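# Report on the structure
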Amino acid sequence: MVRNILIAVCAFLFVACSKDTESKLFGKWQLQQVEASGTIQETDTVYFNFEHSLFMYQVYFPAVDSFLHCYGYNVMEGDKTLLLELISDPRPVGKFLPYTDWDSTKRTYTIDKLTSKQLILNSEGKTYTFRKF
């Protein structure tokens, strides 16, 4: 009986302490800076939100204390490739894209670093540094 409880506790701890990329990605991330061609642009008004296969891109406008957001999906390909796709729901995604640096509704990122506090993504020659919010 005690042995079975010990095995169950160990199995629970193994699952709870998983270093799985998708579980580390889960949550809200605030963009802190974008680096392109050696130039660093500081920011704090963009958020990426991950929940299982769902994704939400948020842009905050401090002047009016309001968020604009667009929903979509995220797919992990291995441990280092993150595919994001925005969808029209309910407003057309084309009206949201001008508030981003995306050229289309889909974007592929390489994960350079992912810890419980920091996320560094690379895409199209730019490095994006996020903090867990």
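Each remark here, short or long, concerns the structure printed above.
Residues numbered from 1 in each chain as written. Predicted model: local features only at pLDDT ≥ 70, side-chain atom pairs only at ≥ 80, totals over all residues. Heavy atoms only, no water.

## Points about the overall build of the chain
Each helix and strand in the chain was counted, giving 3 helices and 9 strands. Tracing the chain from N to C terminus, the helices and strands come up as α-α-β-β-β-β-β-β-α-β-β-β. Counting across all 133 residues of the chain, residues that qualify as buried make up 32%. Sequence separation of at least 24 residues holds for 40% of the intrachain contacts in the chain that already meet a minimum separation of 6. Total accessible area computed for the chain in this model is approximately 8400 Å², and 57% of it derives from carbon and sulfur atoms. (Helix = DSSP H or I, 4+ residues; strand = E, 2+ residues; numbered from the N terminus. Buried < 20%, exposed > 50% of the residue type's maximum accessible area, 1.4 Å probe, protein only. Contact = heavy atoms within 4.5 Å. Areas by Shrake-Rupley, 256 points an atom, 1.4 Å probe, with all protein chains shown as cover.)

## Quick word on the environment of Q118
Its location among the elements puts Q118 in strand β8 (residues 118–123). Exposure remark for Q118: the relative accessible area of 24% places this residue in the partly exposed category. When the C-alpha positions of Q118 and R131 are compared, they lie 4.7 Å apart, and in sequence the two are 13 residues distant. Leave out the neighbours within four places in its chain, and Q118 touches W29, K113, T129 and F130. Of the polar contacts made by the side chain of Q118, one reaches the side chain of K113; its length is 2.9 Å. (Polar contact = N/O pair within 3.5 Å; in protein donor to acceptor, adjacent residues only side chain to side chain.)

## Thoughts on the pattern of salt bridges
Overall, the coordinates contain 3 salt bridges when judged by the stated rule. A salt bridge links D101 to K126, with the nearest nitrogen and oxygen atoms 3.2 Å apart. Here K126 lies in strand β9 (residues 126–132) and D101 lies in the loop between α3 (93–96) and β7 (106–114), a separation of 25 residues in the sequence. Here D101 falls in the partly exposed class, since its relative accessible area comes to 25%. Its salt-bridge partner being R107, residue E124 comes within 3.4 Å of it at the nearest N-O pair. Residue E124 is found in the loop between β8 and β9, and its partner R107 is found in strand β7; the two are separated by 17 residues along the sequence. For E124, a relative accessible area of 54% corresponds to the exposed category. Given a relative accessible area of 2%, R107 falls into the buried group. Through salt bridges with shared partners, a single network forms among D101, R107, E124 and K126. (Salt bridge = Lys/Arg side-chain N within 4 Å of Asp/Glu carboxyl O.)

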